[in-house]
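# Secondary and tertiary structure notes
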Amino acid sequence: MLNPRGFRHGGLLKKRGSELNKEKTRSSLLGLVAFYLLYLAYELYQGRNDPNTTMTEGMAILFTVMFILAAAGLLIYAFREWKRSGQQEEEPPKDDQNSLK
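I will try to describe carefully the structure that is included in this document.

Quick notes on the rules
Residues numbered from 1 in each chain as written. Predicted model: local features only at pLDDT ≥ 70, side-chain atom pairs only at ≥ 80, totals over all residues. Heavy atoms only, no water. Patch = residues over 30% accessible without salt bridge, like charges linked within 9 Å, V, L, I, M, F, W, Y side chains within 5 Å. Areas by Shrake-Rupley, 256 points an atom, 1.4 Å probe, with all protein chains shown as cover. Salt bridge = Lys/Arg side-chain N within 4 Å of Asp/Glu carboxyl O. Helix = DSSP H or I, 4+ residues; strand = E, 2+ residues; numbered from the N terminus. Buried < 20%, exposed > 50% of the residue type's maximum accessible area, 1.4 Å probe, protein only. Phe/Tyr/Trp six-rings, centres within 6.5 Å; stacked < 30°, edge-to-face > 60°.

The grouping of Phe35, Leu38, Ile68 and Leu75 at the surface amounts to a nonpolar patch, some 320 Å² of accessible area in total. Of all the secondary structure elements, the ones that give two or more residues to the nonpolar patch are helix H1 (11-46) and helix H2 (57-90). Note that Ile68 resides in helix H2. Taking the relative accessible area as the measure of exposure, Ile68 reaches 40% and is therefore partly exposed.

Let us now look at the packing of aromatic side chains. Applying the stated criterion to the full structure yields two aromatic pairs. Seen in terms of ring centroids, Phe79 and Trp82 are 5.8 Å apart; in terms of plane orientation they differ by 40 degrees. Their pairing is tilted. Highlighted residues: Phe79 and Trp82, both in helix H2, separated by three residues, approximately one helical turn. Looking at Trp82, the relative accessible area reads 46%, which means it is partly exposed.

Before going further, it helps to spend a moment on the pattern of salt bridges. Taken as a whole and assessed by the stated rule, the structure comprises two salt bridges. Salt-bridge contacts for Glu57 lead to Arg48; the nearest nitrogen and oxygen are separated by 3.8 Å. Among the salt bridges present, the one from Arg84 reaches Glu81, with a minimum N-O distance of 2.9 Å. One end of the pair is Arg84 and the other is Glu81, both in helix H2 and three residues apart, which spans about a single turn. On the basis of relative accessibility, which here comes to 43%, the residue Arg84 falls in the partly exposed class.

Spelled out as structure tokens, the structure:
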């Protein structure tokens, strides 16, 4: 039976679940990118005194700090998105009166 929105009964729930999975996947990927930025910052900091590099020690420290700040911002954003998708999952879907007919 089709409701006014064109979904079969239960189709709205399936679509909503798919959107939640996309949000969780996105927040997970953002977390992975943040950890990769932390890894890059660590490697950059470890190589700051390497005699074979053309980057000065001050620039290496500056970029290390920038990578750390970017990673922290991404981690905070990813955690908030992950938490928000978990709260949406717990809430029951709001049904329209027309979809019940």
